[in-house]
Amino acid sequence: MLKKFLPNWLTGVLVSIVLFANVIIWGTIVLLFGVLKLILPFKVVSDILHAAYRGWCKGNRLALWLGCPTIDIDIKGKVSTDGWYLLISNHMSWLDIVVLSAIDVLPAPKFFLKDELKYVPFIGTGAWAMGMPFMKRVSKAQLAKNPKLKGLDVERTKRSCRDFRNHPTTIINFVEGTRFTCQKHKKQNSPFTYLLKPKAGGIAFALEVLGEQFDALLNTSIIYQGEGDHICRNLMRGRLNVIKVEMHVQAINAEMIGDYQHDRAFRTAFQQHINELWLQKDAQLLTYHQAQQAEYLANINKEVEAP
């Protein structure tokens, strides 16, 4: 909101300070209590750990409020902070994590993260302390050399999901597995306009372990509008104008739960289901971008016609 009253550069400086201080302060506290939980695995320690994590989420909310004049969170359906949810989303930027963690009506968000991030100070170490799963992609060549690597991600995911039973949780999976860029889109030869190809495995494993405990699937789309192409840089320069999150609360039915690793028929059907969700999401994003383009052209015409 400060963006309306302060110059862009000053808004960006304030937002950057809040974001970095938030990560360092709460990341350190979460890590310390994560280590303490290994030594003293008592509920009170876990409760304090989750309280510190919620402090990080509130700090993210403050940074977004300072830096972006329009934040539109549209939840179609009912959610509760005392529930368990599986949230799937497109992935546009590192800022997606900040945005989703700042939605205060959701229970504590837990993310599926790339394995390399576990070594990042404060961020990776904090995620480790919260028991979030780190996904390590294994190439066919690596599997050929060491067959024992097969299934490691499956076991990590299942182990982490079991730990999430003890606290209301929103498990967040960026289904594309990486951030969207035009280069990645072209390299994949993606059939979608605004999305990369979805990876269904992580969702399937989470559903296999916690399917009966989940209250709903949160099918989510994130859209940004700014004065440049780099989303995080826009926020830190005071040039991010709109953050839009549209979330559809959907039921999880019995057909979505099965043995993804060993049941080929289920795996094929599940992948088809996720592809259908991605087709719907792509159409939704297309509609939004067309509306934005029409609004932009209308504003230009008004400026031209003005005396």
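Structural notes, computed from the coordinates.

Scoring rules and cut-offs
Residues numbered from 1 in each chain as written. Predicted model: local features only at pLDDT ≥ 70, side-chain atom pairs only at ≥ 80, totals over all residues. Heavy atoms only, no water. Helix = DSSP H or I, 4+ residues; strand = E, 2+ residues; numbered from the N terminus. Expected span 1.5 Å × (residues − 1). Buried < 20%, exposed > 50% of the residue type's maximum accessible area, 1.4 Å probe, protein only. Contact = heavy atoms within 4.5 Å. Polar contact = N/O pair within 3.5 Å; in protein donor to acceptor, adjacent residues only side chain to side chain. Pairing = 2+ DSSP bridges. Axes fitted to C-alpha atoms, helices over the stretch in contact; angles between N-to-C directions. Patch = residues over 30% accessible without salt bridge, like charges linked within 9 Å, V, L, I, M, F, W, Y side chains within 5 Å. Areas by Shrake-Rupley, 256 points an atom, 1.4 Å probe, with all protein chains shown as cover. Salt bridge = Lys/Arg side-chain N within 4 Å of Asp/Glu carboxyl O. Phe/Tyr/Trp six-rings, centres within 6.5 Å; stacked < 30°, edge-to-face > 60°.

So, helix H1 (residues 8–39)
Here is step 1 of the chain: For H1, with 32 residues, the first-to-last C-alpha span of 47 Å sits near the 46 Å given by 1.5 Å per residue.
Here is step 2 of the chain: The set of residues buried in H1 consists of Thr-11, Gly-12, Val-15, Ser-16, Val-18, Leu-19, Asn-22, Gly-27, Val-30 and Gly-34.

Remarks on the side chain of Ser-190
Here is step 1 of the chain: Within the secondary structure, Ser-190 sits in the loop between helix H7 (182–188) and helix H8 (201–210).
Here is step 2 of the chain: Here Ser-190 is in contact with His-185, Leu-195, Leu-196 and Lys-197, once residues within four sequence places are set aside.

Notes on the side chain of Asn-90
Here is step 1 of the chain: Checked against the element boundaries, Asn-90 lands in the loop between strand S2 (85–89) and helix H3 (95–101).
Here is step 2 of the chain: Among the polar contacts made by the side chain of Asn-90, one reaches the side chain of Ser-89 at a distance of 3.4 Å.
Here is step 3 of the chain: Polar side-chain contacts of Asn-90 include one of 2.8 Å to the backbone nitrogen of Ile-222.
Here is step 4 of the chain: When residues no more than four places from it in sequence are discounted, the contact partners of Asn-90 are Asp-96, Phe-174, Glu-176, Leu-195, Thr-220, Ser-221, Ile-222, Trp-278, Lys-281 and Leu-285.

A word on the sheet that holds S2
Here is step 1 of the chain: Ordered in space as S1-S8-S7-S2-S6-S3, the 6 strands form an open sheet in which the pairing is mixed. Pairing within the sheet leaves two strands with one partner each, and these edge strands are strand S1 (70–76) and strand S3 (108–111). With strand direction ignored, the average angle separating the axes of adjacent strands in the sheet is 25°.
Here is step 2 of the chain: Judged from the 5 bridges that link them, S2 and strand S6 (residues 169–174) form a sheet pairing that is parallel. Paired with Leu-86 across the two strands is Ile-171, which belongs to S6.
Here is step 3 of the chain: Lying on the sheet, helix H2 (residues 43–67) is in contact with S1, S3 and strand S8 (240–250); it crosses S3 at an angle near 90°.
Here is step 4 of the chain: Contacts between H8 and the sheet are confined to S2 and S6, with S2 contributing the most and set at about 175° to the helix.

Section: a nonpolar patch on the surface
Here is step 1 of the chain: Together, Val-35, Leu-36, Leu-38, Ile-39, Leu-40, Phe-42, Val-44, Ile-48 and Trp-128 line one region of the surface with nonpolar side chains, adding up to about 830 Å² of accessible area.
Here is step 2 of the chain: Looking at the nonpolar patch, the elements with two or more residues in it are H1 and H2.
Here is step 3 of the chain: Tallying contributions element by element places H1 first for the nonpolar patch, with 4 residues.
Here is step 4 of the chain: Its place among the elements puts Ile-48 in helix H2.

Considering the environment of Arg-267
Here is step 1 of the chain: With respect to the element layout, Arg-267 can be found in helix H10 (residues 264–305).
Here is step 2 of the chain: Judged by relative accessible area, Arg-267 falls into the partly exposed class, the value being 23%.
Here is step 3 of the chain: Spatially, the C-alpha atoms of Arg-267 and Ala-204 are 8.6 Å apart, while their sequence positions differ by 63 residues.
Here is step 4 of the chain: What Arg-267 contacts, discounting residues up to four positions off in sequence, is Tyr-260, Gln-261 and His-262.

Some thoughts on the pairing of S3
Looking along a regular strand, one sees the side chains alternate between the two faces of the sheet.
Here is step 1 of the chain: Alternating positions in S3 separate into two faces, Ala-108 and Lys-110 on one and Pro-109 and Phe-111 on the other, with burial throughout.
Here is step 2 of the chain: Of the strand pairs in this sheet, S3 and S6 are connected by 4 bridges, and their pairing is parallel. Note on S6: the bridge partner recorded for Ala-108 is Thr-169.

A closer look at the packing of aromatic side chains
Here is step 1 of the chain: All told, the structure shown has 5 aromatic pairs when counted by the stated rule.
Here is step 2 of the chain: Ring geometry for Tyr-53 and Trp-56: centres 5.5 Å apart, planes at 25°, overall stacked. Linking Tyr-53 with Trp-56, this pair stays in helix H2, spanning 3 residues, or about one helical turn.
Here is step 3 of the chain: Look at Phe-266 and Phe-270: their rings are 5.7 Å apart centre to centre, the planes differ by 35°, and that puts the pair in the tilted class. A residue pair is termed a helical-turn pair when its members lie 3 or 4 positions apart in one helix, as Phe-266 and Phe-270 do in helix H10 at 4 residues.
Here is step 4 of the chain: With a relative accessible area of 3%, Phe-270 lands in the buried category.

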